[in-house]
Amino acid sequence: MIVPETLLVWTLIGQLIIVLILGGGIVAFFLWTKFRQQKSKSLRKELQSELFERLFSSDPNWKTWENDLSRSERRELQTLLNDSLRKIEGEDYDRLRELASVLGIPERARRNLNNPGRRYRALTWLALLGESVEPHKVINACKENPKLRDAGARILLRSGHPDGPEKGTQLLVDNGTQPLTTMGMDTLYRLNNGVETPLLSDLEKGEIRNWNHSFLVQILLVLMNCMLSRALERPNWLFDLLEHKSSQVRLATVGVLQNLGWQEEIRRKIDIEQLIHDPDQNIRRKSYFLLASWGNETSLEWLRNTLDHEEPGDRFSIVKAFHLHPEGNLSELPDPFSNFVDWVRAERKVDSSRRIWEMSKTWV
Amino acid sequence: MLTLEVLIQVSAWFFLVYFLFVNGSYIFIQLLSLVGIQKTLNDRPVRPAFDPHESPFVPGIAILLPAYNEAPVIVSSIRSLLSVEYPDFEIIAINDGSTDDTLNRMQEAFDLQKIDADYPLDLPCEQIHDIYRASDVDLVVIDKENGGKSDALNAGLFFTDQPLFCAVDADTIIEREALLKAAQPFLRDPDQMVATGGTVRVANGCDIQDSIVQNVKLSNSWLVNLQVMEYIRAFLTGRIGLSEINSLIVISGAFGLFRTGSVRDIGGYSTDTITEDLELVIRLHRYLKDHNQPYGIEFVPHAAVWTQVPETLSALGNQRSRWFRGLLESISMHRDMIGRPEYGTIGLIGFPFSVLVEALGPIIEGLGYVFVPVAFVFGFLNISFFLLFLGVAVGLGIFMSWLSVFCEIYGFRQYDRLSDILRVMFYGVMENILYRQWKALVSFGALIDYLKGDSSWGEMTRLGLEQPEE
C-alpha cells in the first residue's frame, strides 16, 4: 500500500471534523450577518427618515438628536451622511456639514491625518466636507502614493483656499513618474479649469523634463479639457512637444492645440505640414479635426492639401473634417472619396432625425 | 503478472501525487481568494470623493453584443444594457446572420434607422449588409453575414472609436453598476490596465423583471443548482485566487472589458477557436510580455452579470465539450508559453495550472475510473483502502466547495435565504456523486472530438430570462 490505511483513517476523521466545523460556521456566519444586515437596514431606514425630516425643517437641532444616538446609530448615520454629502448641494449641504461637525467628524479626520491606517478615510471626509486644511499639512500627509495624493488634492480643490489650485496642482504633478488615477486627472482638471491654470506655469517653466511619457500624456489630456484662463506667454514647450519621440505625447499635444487654437500667434507657428504628414495615423487624423475646429479659409486650404492621402482611415477622417469645417463642402471632394462622402451624408441624415442631442461618438 | 503489479503500483503513485498536487493547488487558490476578498472589502468602505459621472476623463465604452438567433432575449438584453449606470457608453449589437427574428425584433423595439450607404472601411469580418442607428438611444446595429461569435465581435471592435469595449453575451443581464465597477481598475491605472473581467452568476430561478434581477433565488432544477455551486467555486472564488497571483488566463466572454487599441494591436479575436475569450486573453498576455509593455489584467468580483445556464444534460454536455475543446485548442496554440519565465506568472503558474489541472484533470480522473475496476478485477485493489481514499477525495471536494460558499457569503451575499445556502452546500456534496464522473466522461468525449478536429458549437435553446407577465 502506498499510503498506510491508518493515515487515511485519521485524515478522513480530521476532514470530517473540519467539514462539519466549516458547515456549522457557514450557517452561523450567514445567520449572524443576516441579522446584522437586517438590523442595519431597518436602522438606516429610520435614520434616513429622521435625517431628511430634520434637514428640511426650519431648525434641525442636530445636537439634541446626536445626544440621543447610540453607537450603532451614530455609525449608520455617518454612512448615510457620507452618501448624502455626495448628492446634495446648496443650503442643505451646509446643514449636513453642521451635522458632521456635531458628530465630530472633521475633528477626528484632522487627527487621523497622522494615522497611516485611517489617513485615506480622513482625507476623503475632509474633501467631502470641503474643510479648509492648511496646504502644507495636506501635502505632508499625502506624499506616499497616488491614492493619497488624489485625496489630498481633492481637499485643496474643495476647500477654496487661495493657494489651493497651485498647491493642489503641485501635489499631483510633483511626482511625475507614477501615473495619475482618473480621480487625480479629474481633480487636476478642476484645479486648473477657469480662473487659474497653474499647470501652464509649470509647463512654461520646463517642468516636463522630470515627467515620464505616460504622465506627460495625462497632463496634456487634462489641459485639453481645461478652459484656459489666459493666453500662453511662452508657448515653446508646446512646439517642442509636437516633435516629441512618443506618438502618444504628440497626439495629446495636438489635442491641447485644439484648445489653444484661438491664439493666432500659435496658429502661425505650428508646422501643419509636419502634423498632416506625421507617420502616426492617429496624429494625422487629429490634425484634420484640428483644422476643422479653426474653421477659416486657411485651415480649409490645409485640409484640401490632404486630399492626396491614400490610406482609407485618413480619407475617412478627412471627409469627416470637411463635414465639420464651417466652410467645408463635401461635394468638392474627388471621386476616390465618394464612398466616404456617401457614408458621412447618410450618417448625417440619420443623426439629424434622431431624438437625442449628441453627435455620434465616432466623430471625436 | 509482476509487470502488471508494477504497472499498477506506479499508476497508484502517479494518481496519488497528482491528487495531492491538484487538490493542494485548488485549496491554495481558494485560500488566496479569501485574501483577495478581504482586500476588496477593505477598499470598499471608503469611496473616493469623486463622481465619475461628472468627469470628462472616464473612458467611453462600446458594449459589443454579438447575436445569433437570439430573438427571445435580444430586446430584454439591450434594455438591460441601456439601463447600465455609466457616464459614456454606446451599444453595438451585431446581428451575425441570424435566421430567426433577431433583427426584426430590434428594429421594432428601438425604431432603427438604416444608414443608407456602405460602410467605407474594410472591417475584418464577414460581409456587412447594413448598419442601423436607433432613434432614441445610443444603439448601433450591424447586420452581417454569419461568421461566428469572434467574427461578430471583431466587426464591433473595429467599428467603434471608444477607447474601451465590453464584450457581453445576448443572454446576459448586467447589473446596473457592473460596468462602472469593471471600469474601476482602468480609472485607477488608466495607463496600464488592459482588461478586466466580472463575475458570471446563474440567472435561472431568479426573479427578473424589466431586465433587472429583483430577487436572487435558486432554481428548482438540480442540474442548474449543481452549476450554481460550480460557478461559485470556479468562476468566482477560483478566479479571485488566480487574479491575486496575476495568473488569470481567462476573462469570461459573458462579461469582459478591454482596451480597444490593445485588442486591435493583436488583430482582434481569433476566428480559429471556439473559446475566443480564453484565447484572446492568452494572446494579450503573450503580446504584451513579448513587447515588454507593463500591463494589468484583473478580475473584478463585484462587477456581476447574470446569465442563463443549460437546463438539460445534452445542452450542458455540448457547452462543456466546447469549453474543453477550446481549452485544448488554446493550450495547443500557445504551448510555447508554458513554463517560460519571460511570461512571468502566466508562463510559470497560470498556464501550467490550466494544463496540468484543468485540462489533464478530467482526463486523469476518467482514467482513474478505468484503473480502479481493472485493479479490482486483477485483485490488486484493496477495497477498504479504496473506500477510505475515495472518502478523503470526496471530503476534499466538499471542503473546497463549502469554503467557496463561505467566501461567497463573506464577500458578496447574493443568496439571502438560509435555505438557498443550505441547498448550495447540499449540491456541494452531491456534485461528487455522478456529476463529476459525468463531466469527466464529457471531457473524454471532447478530447476525442478535438483529436478528430471537431470545432462545432452545439445548440443552446434560449428560453428568455424574464418571467412572463401575469
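Quantities reported herein were computed from a predicted structural model and do not represent experimental measurements.

1. Here's the deal with the packing of helix α1 (residues 5-55) of chain A against helix α3 (residues 71-85) of chain A
All names here are of chain A. Axis separation between α1 and α3 bottoms out at 9 Å; the angle between their running directions is 60°. Crossing handedness for the pair α1 and α3: right-handed. In contact with S40, L43, R44, L47, Q48, L51 and F52 of α1, α3 contributes S72, E73, E76, L77, T79, L80, D83 and S84. Grouping the amino acids of the contact of α1 with α3 by side-chain chemistry returns six nonpolar, five polar and four charged.

2. Concerning the sheet that holds strand β8 (residues 193-202) of chain B
Residues and elements named next belong to chain B. Judged by pairing direction, the sheet is mixed, and its 10 strands sit side by side in the order β3-β4-β5-β2-β1-β6-β11-β8-β12-β7 without closing on themselves. Both outer strands of the open sheet, β3 (112-114) and β7 (172-174), are each paired with one neighbouring strand and no more. Direction aside, neighbouring strands of the sheet carry axes that sit 30° apart on average. Here three bridges tie β3 to strand β4 (residues 128-134), and the two strands are oriented antiparallel to one another. By the bridge assignment for β4, Q113 is matched with R133.

3. Things to note about the interface of chain B and chain A
Across the boundary between the two partners, chain B contributes 68 residues, which contact 65 residues of chain A. Interface area, chain B with chain A, both sides summed: about 5900 Å², of which 67% is carbon and sulfur. Inspection of the region where chain B meets chain A yields four salt bridges. Measuring nitrogen to oxygen at the nearest pair gives 3.0 Å for the salt bridge that ties R285 of chain A to D161 of chain B. Here chain B is connected to chain A by 16 residue pairs in polar contact (both at pLDDT 80 or more). Where the side of chain B that touches chain A is concerned, the elements lending two or more residues are α1 (2-43), β3, β4, α5 (178-188), α11 (383-411) and α12 (418-452) of chain B.

4. Points about the confidence of the model for chain B
Residues and elements named next belong to chain B. On average, residues of chain B score 90 in pLDDT, and 95% of them are at 70 or above. This model gives residues 459-463 a pLDDT under 50, and the stretch forms 13 contacts once residues within four places in sequence are excluded. Confidence metrics for the complex model read pTM 0.89 and ipTM 0.88.

5. Side note on a negative patch on the surface
Residue and element names in this part refer to chain A. A cluster of acidic side chains, namely E134, D163, E166 and E196, defines a negative patch on the protein surface. By the secondary structure assignment, E166 is in helix α9 (residues 164-173). According to the relative accessible area criterion, E166 is partly exposed, its value standing at 39%.

Basis of the calculations
Throughout this description, residue numbers start from 1 for each chain and increase along the sequence as written. Chain letters and ligand numbers both follow the written order, the letters beginning at A and the numbers at 1. Local features in a predicted model are, by the rule used here, given only for residues with pLDDT of at least 70; side-chain atom pairs are given and counted only at 80 or more, and totals for whole chains, interfaces and linings are based on all residues. Computation of side-chain values covers all heavy atoms of the structure but excludes hydrogens and water. Between N-to-C directions, angles cover 0 to 180 degrees, with each direction set by a line fitted to C-alpha atoms, over the stretch in contact for helices. Counting from the N terminus, the helices are DSSP H or I runs at least four residues long and the strands are E runs at least two residues long. Take the far helix as your reference; a near helix turned counterclockwise from it by less than a right angle gives a left-handed crossing, and one turned clockwise gives a right-handed crossing. Throughout, a residue-residue contact means that at least one pair of heavy atoms, one from each residue, lies within 4.5 Å. Think of it as three bins: nonpolar holds Ala, Val, Leu, Ile, Met, Phe, Trp, Tyr, Cys and Pro, charged holds Asp, Glu, Lys and Arg, and polar takes everything else, Gly as well. By this definition, two strands are paired if DSSP reports at least two bridges between them. Once two parts are put together, the accessible area they lose, assessed with a 1.4 Å probe and summed over both, is termed the buried area. By salt bridge we mean one thing: a side-chain nitrogen of Lys or Arg within 4 Å of a carboxyl oxygen of Asp or Glu. N or O atoms within 3.5 Å of each other form a polar contact, as long as, within protein, one can give a hydrogen and the other can take it, and as long as residues adjacent in sequence are counted only when both atoms are side-chain atoms. For every residue, the predictor states its confidence as a pLDDT score lying anywhere from 0 to 100. Residues form patches when they are more than 30% accessible in relative terms and have no salt bridge. Like charges link within 9 Å. Nonpolar side chains (Val, Leu, Ile, Met, Phe, Trp, Tyr) link within 5 Å. Using a 1.4 Å probe, accessible areas were evaluated by the Shrake-Rupley method; residue-level cover was limited to the displayed protein chains. We treat Lys and Arg as the positive residues and Asp and Glu as the negative residues; His and chain ends play no part in the count. For the purpose of locating charges, the reference atoms are NZ of Lys, CZ of Arg, CG of Asp and CD of Glu. Residue burial is assigned from relative accessible area. The probe radius is 1.4 Å, only protein chains are included, and a residue is buried under 20% of its type maximum, exposed over 50%, and partly exposed in between.

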